[in-house]
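Coordinate analysis (summary)
Here is how the chains run, residue by residue.
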Amino acid sequence: MNQTSLICGSLAIDIIMQYEGRFGDTLLADQLHKVNVSFLVPTMRTEFGGCSGNIAYNLKLLGGDPRIVGVMGQDCAAYLERLQKLGISTQNILIKKDAYNAQCFVTADSDNNQINAFHPGAMSFAHENDIEAAGPARIAIISPDGHLGMLKHAEVLARLGIPFVFDPGQQLPMFTPEQLHKFIDQATYVTCNDYEIELLMDRTGLALDDIAARVEALIVTRGEKGSEIYTAGQRIDIPAVEAAVLDPTGCGDAYRAGLLYGLSHDLGWETTGRLASLLGAIKIAHKGAQNHWFTREEIADRFEQAFGYRF
């Protein structure tokens, strides 16, 4: 059986810089209208990221078959080489030679406050990448990407009859209420975090139960409070897995990889949600979105330790 998962979304580089002081000691509240400051950042690290890259990374570790449908720029060589070494197909990654990779420049201070600048770069051309060329798949996910690309991918997946997860993430405010209604009607599943579901309800005028009734399942993540899966008129509560919190970057993407694996392997909603929760907990204990590592057997062991049975 075809168990390929099409992963639509951003491929980005995160450049993370650490300022040893506090922004509040430099930024003057009554002078913010004319800011001209410089922060000395003694440490800097570069991380591979982006929603599709993070999801594919976790799904591959699980033993899944991810196929990324994304766009990268002229500075793509290192990221492409990494994906290929991991055994993740790069065949359906479009390269835009006149653009740069999507990049997030993060400066954090000693209180973990952040000043970020995000350059969408090649991500803005997602609509030029033909998802139909990726071939047949068991399931797909539309995660944050260029908004025109997200709209086009949803239309094509619906026409092809490939079930997909709609994961609007931080791109949610970019869509009109009408577009969000259409996404929900085209999608098989919708997943949001606790903030995003409130925004989705506000923008569409739909109650949580209304959204859940229009898809096979609505998945809402709530951080340390666990997550909820609304399906077939019932609510399934998924507990959070206890973990040492080091860096939440990419936790939602790890969770979604667990969803895709469970759905493509018919694990059932309770096991699928618990697997997703476990992946999020493993990720949060590591810095960066793609620096944790596990084997399929190790995950099965940890799952049994956490929940008392193997998946």
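On a predicted model such as this, the values are computed, not experimentally measured, just so you know.

**Comments concerning the overall build of the chain**
- Along its length, the chain carries 10 helices and 13 strands.
- For 311 residues, the compact-globule estimate of 2.2 N^0.38 gives 19 Å, and the chain sits close to it at 19 Å.
- If you take every contact in the chain between residues at least 6 apart in sequence, the share linking residues at least 24 apart comes to 67%.

**Side note on unusual backbone geometry**
- Here Ala232, not a glycine, exhibits a phi torsion of approximately 50°, which is positive.
- You can see Ala232 is positioned in the loop between strand S12 (227-231) and strand S13 (234-238).

**What to know about the nonpolar core**
- One finds Tyr189, Ile219, Leu260, Trp269, Leu275, Leu279 and Ile299 to be the most contacted residues of the largest nonpolar core, which totals 46 residues.
- A per-element tally of this core places helix H8 (residues 251-264) first, with seven residues.
- Here Tyr189 is in contact with Ile139, Phe164, Val165, Phe166, Val215, Glu216, Ala217, Ile219, Leu263 and Trp269, once residues within four sequence places are set aside.
- Ala154, Ala187, Ile197 and Leu206 belong to the second-largest nonpolar core, a separate cluster that totals 35 residues.

**What about the packing of aromatic side chains?**
- The final tally for this structure, using the stated rule, is 11 aromatic pairs.
- Note on Phe303 and Phe311: the rings are 5.2 Å apart at their centroids and 75° apart in plane angle, and the pair reads as edge-to-face.
- A connected cluster of aromatic rings, assembled from ring pairs, spans Tyr261, Phe303, Phe307, Tyr309 and Phe311.
- Lying across the ring of Phe125, Lys96 places its NZ or CZ 4.6 Å from the centre.

**Considering the side chain of Asn54**
- Take Asn54: it is sitting in helix H2 (residues 51-62).
- Judged by its relative accessible area of 4%, Asn54 is buried.
- Among the polar contacts listed, one links the side chain of Asn54 to the side chain of Asp253, at a separation of 2.9 Å.
- With residues near it in sequence (within four places) discarded, Asn54 still touches Phe48, Gly49, Gly250, Asp253, Ala289 and Gln290.

**Considerations on helix H3 (residues 77-85)**
- Within H3 the residues assigned to the buried category are Tyr79, Leu80 and Leu83. Seen end-on, H3 carries its buried residues on one side only, within an arc spanning 100°. Opposite its buried face, H3 presents the exposed residues Ala77 and Lys85, each directed more than 90 degrees away.
- Looking at the buried positions of H3, the neighbouring elements they touch are strand S2 (12-18), strand S3 (43-49), H2, strand S4 (65-72) and strand S5 (93-95).
- One or two positions beyond H3, positive phi appears at Gly87, with a value near 80°.

**A short note on the packing of H8 against helix H9 (residues 269-284)**
- At a closest axis distance of 7 Å, the pairing of H8 and H9 adopts a crossing angle of 150°. Judged by the angle between their axes, H8 and H9 are roughly antiparallel. Where H8 crosses over H9, the two elements pack in a sense that is right-handed. Every residue of H9 that contacts H8 at Cys251, Ala254, Tyr255, Ala257, Gly258, Leu259, Tyr261, Gly262 and Leu263 is listed here: Trp269, Thr272, Gly273, Leu275, Ala276, Ser277, Leu279, Gly280, Lys283 and Ile284.
- Looking at the contact of H8 with H9 residue by residue, the class counts come to 12 nonpolar, six polar and one charged.

**Focus on the sheet that holds strand S9 (residues 164-166)**
- Strand order in the open sheet formed by nine strands is S5-S4-S1-S8-S9-S10-S11-S12-S13, and the pairing between neighbours is mixed. Pairing within the sheet leaves two strands with one partner each, and these edge strands are S5 and S13. The mean inter-strand angle of the sheet, taken between neighbouring strand axes irrespective of direction, is 20°.
- With five bridges joining them, S12 and S13 adopt antiparallel strand pairing. In the sheet register, Thr231 faces S13, and the bridge partner there is Gln234.
- Its contacts with the sheet put helix H4 (residues 147-160) on strand S1 (4-8), S4, strand S8 (139-142) and S9, and the angle it makes with S8 is roughly 160°.

About the criteria used
Residues numbered from 1 in each chain as written. Predicted model: local features only at pLDDT ≥ 70, side-chain atom pairs only at ≥ 80, totals over all residues. Heavy atoms only, no water. Helix = DSSP H or I, 4+ residues; strand = E, 2+ residues; numbered from the N terminus. Rg over C-alpha atoms; globule rule 2.2 N^0.38 Å. Contact = heavy atoms within 4.5 Å. Core = buried A, V, L, I, M, F, W, Y, C linked by side-chain atoms within 4.5 Å. Buried < 20%, exposed > 50% of the residue type's maximum accessible area, 1.4 Å probe, protein only. Phe/Tyr/Trp six-rings, centres within 6.5 Å; stacked < 30°, edge-to-face > 60°. Lys NZ or Arg CZ within 6 Å of the ring centre and 35° of its normal. Polar contact = N/O pair within 3.5 Å; in protein donor to acceptor, adjacent residues only side chain to side chain. Arc of directions from axis to C-beta. Axes fitted to C-alpha atoms, helices over the stretch in contact; angles between N-to-C directions. Parallel < 35°, antiparallel > 145°, perpendicular 65-115°, else oblique. Left-handed = near helix turned anticlockwise from the far one by under 90°. Nonpolar A, V, L, I, M, F, W, Y, C, P; charged D, E, K, R; others polar. Pairing = 2+ DSSP bridges.

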